Amino acid sequence: MDHLPTIIQGGMGAGVSSWQLAQAVSQQGQLGVVSGTALDQIFARRLQDGDPGGHMRRALDQFPFPLMAERAWSSFYVPGGKPANASYKTVPMHTKDTPRELSELCILANFVEVFLARGSHGNPVGINYLEKIQIPHLPSLYGAMLAGVGYVLMGAGVPLKIPGVLDLLACHKPATYALHVTGAEESDDTTMSFVPLEFMECELPPLVRPKFLAIIASNTLAATMLKRANGRVDGFVIEGPAAGGHNAPPRGKLQLDEAGEPIYGERDQVDLAKIRELGLPFWLAGGYGSPEKLREALAAGATGVQVGTAFAYCAESGLREDYKQRLLTKVISGDGRVVTSSLASPTGFPFKVAQLEGTLSDGDVYSARARICDLGYLREAYKRPDGKIGYRCPGEPVSVYLSKGGKEENTVGRTCLCNALVATIGHPQVRCGRHVEKGIVTSGDDLHGITRYLPQGESTYHAADVVNELLYSQVQSEVCLP
Ligand SMILES: Cc1cc2nc3c(=O)[nH]c(=O)nc-3n(C[C@H](O)[C@H](O)[C@H](O)COP(=O)(O)O)c2cc1C
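What you see is a predicted model; the values in this text were computed from it and never measured.

Caption draft 1: Representation of the site of the ligand in the model. Neighbouring residues of the ligand: 21 residues in total, closest Glu-239, Gly-287, Gln-306, Gly-308 and Thr-309. For the ligand, an oxygen atom lies 2.5 Å from a polar atom in the side chain of Thr-309. Residue assignment for the shell around the ligand shows that the elements contributing at least two residues are strand S3 (125–130) and strand S11 (304–307). Here the shell around the ligand is built from residues that sort into 7 nonpolar, 13 polar and 1 charged.

Right under this line is the structure:
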């Protein structure tokens, strides 16, 4: 078997695990993973910021289909960057029958991110997607594969049909993916299709089929993936509820503690003996960002760990500098706090929120924002009374959501994660020249654990510090690394 990483730097959307972070980790011989979430939007905004550093241009010059690259460049590039108080030109929202311009943007943005993360180090890089954000999957995967992505990691859903898609796209063959449409019947056509030949400007040899790792939170799901997936699954990331980002909800009826956080119990424990029996490599995630936890994972038969939080605050991550510094200051003073919100995410999944004044974790900031839904990645597709497909998000204006058959209770406390997360990486939308979207920071429970990576008296650390600390301390404790 090929060399497998001991450390996977977890995908962190949107844009927190940027190409710079993934490159820094892969350079160390571990697996750097870019986030594939909303990359079309992020790419379009980077171009409108004037492409600082010229990285987008550098990658586009290596893209195999130059006419497509030029179309996106001329649509979005603003020399010198847009004025600070100007709005970003938005990208159309995704719908089942995606317009060609949007598919092209997905292909290009995913290509660029992976191409830049690969740099010149020669080690594999991965890309992470949320299964739930289904519509961009096919063109996004194709773009990432054109850039030679080594691993595709996917969670937040049951990605049974992704392995087969990878097989087809590797041969530039047409691929399909069924969109989940609430209320649809068997006879309704919810199939999305993507035909690479319609986008190719020249012939290309077959692409490398990336390894596929499913991110799951139960051994039943792991077994289901192996039994029912339409192609090869290469391993699992087993993610527990301490992880940053979205978490799988607790099994059974949702119960909340006094602080309103979901209560996890025995039934949520993954049976690692059953995982081992499946015979595939696996990595443990969620509070495993320390040498001791890596040792524990290896002793339990894991190939290694997937770590997010420790990388989210390092110098190379895409998290905007002011948020990063303010949170690091809080952590150093013992003041960092993370809440598992059962309401914030439009997906309805628990979502971890680091408490930071001036972001949407702050009740006043949340209440001051007028609801608007104009990015739409987390919209739910549903069957309208006229039989057509509609799209709704519990984060949109309440009356609009209700008019689409949504339930009022689903709107309570919901945050527009799409706008907030893009603001969190420094591309906030500006409305009417003055209203600037505020961000939201997600983090794992072990936020305080990152102090171990901060050199004494310093307020910044690097991805290589995390990798070295995790691995070096292992050698100290005489556990043989693979
Ligand atoms: C800022 C942040 C964003 C995240 N976003 C995603 C994501 O988009 N997709 C995903 O599969 N996991 C996401 N995660 C989870 C990580 O990939 C990883 O599994 C998790 O952070 C591991 O637990 P830890 O935070 O305790 O290290 C995110 C985590 C963080 C901290």
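Caption draft 2: A look at the side chain of Gln-429. Assignment of secondary structure puts Gln-429 in the loop between helix H15 (417–424) and strand S16 (430–431). Reaching out from Gln-429, the side chain makes a polar contact with the backbone nitrogen of Tyr-88 at a distance of 2.7 Å. If we ignore the near neighbours within four places in the chain, the residues touching Gln-429 are Arg-45, Ser-87, Tyr-88, Thr-90, Asn-419, His-435, Val-436 and Glu-437.

Caption draft 3: Fine view of the nonpolar core. Phe-43, Phe-311 and Tyr-313 are the most contacted members of the largest nonpolar core, which totals 128 residues. The biggest single contributor to this core is helix H5 (residues 100–118), with 10 residues. Filtering out sequence-adjacent residues up to four positions away, Phe-311 remains in contact with Ile-7, Gln-9, Met-12, Leu-21, Val-25, Ser-317, Ala-463, Val-466 and Val-467. If you look at the next biggest cluster of nonpolar residues, it comprises 11 residues, including Leu-4, Leu-31, Ile-215 and Val-237.

Caption draft 4: Here's a closer look at the environment of His-180. Mapped onto the elements, His-180 comes out in the loop between strand S5 (175–178) and strand S6 (181–182). Between the C-alpha atom of His-180 and that of Gln-134, which follows or precedes it by 46 residues, the distance is 8.1 Å. When near neighbours in sequence (up to four residues on either side) are disregarded, His-180 contacts Gln-134 and Ala-381.

Caption draft 5: A look at the packing of helix H2 (residues 39–48) against helix H4 (residues 66–76). Where H2 meets H4, the closest approach of the two axes is 8 Å, and the angle between their N-to-C directions is 60°. Regarding the angle of H2 to H4, the classification is oblique. Crossing of H2 against H4: the hand is right-handed. Facing H2, whose interface residues are Phe-43, Ala-44, Leu-47 and Gln-48, H4 presents Ala-72, Trp-73 and Phe-76. Looking at the contact of H2 with H4 residue by residue, the class counts come to 6 nonpolar, 1 polar and no charged.

The rules behind the values
- Residues numbered from 1 in each chain as written.
- Predicted model: local features only at pLDDT ≥ 70, side-chain atom pairs only at ≥ 80, totals over all residues.
- Heavy atoms only, no water.
- Near = heavy atom within 4 Å.
- Polar contact = N/O pair within 3.5 Å; in protein donor to acceptor, adjacent residues only side chain to side chain.
- Helix = DSSP H or I, 4+ residues; strand = E, 2+ residues; numbered from the N terminus.
- Nonpolar A, V, L, I, M, F, W, Y, C, P; charged D, E, K, R; others polar.
- Contact = heavy atoms within 4.5 Å.
- Core = buried A, V, L, I, M, F, W, Y, C linked by side-chain atoms within 4.5 Å.
- Buried < 20%, exposed > 50% of the residue type's maximum accessible area, 1.4 Å probe, protein only.
- Axes fitted to C-alpha atoms, helices over the stretch in contact; angles between N-to-C directions.
- Parallel < 35°, antiparallel > 145°, perpendicular 65-115°, else oblique.
- Left-handed = near helix turned anticlockwise from the far one by under 90°.

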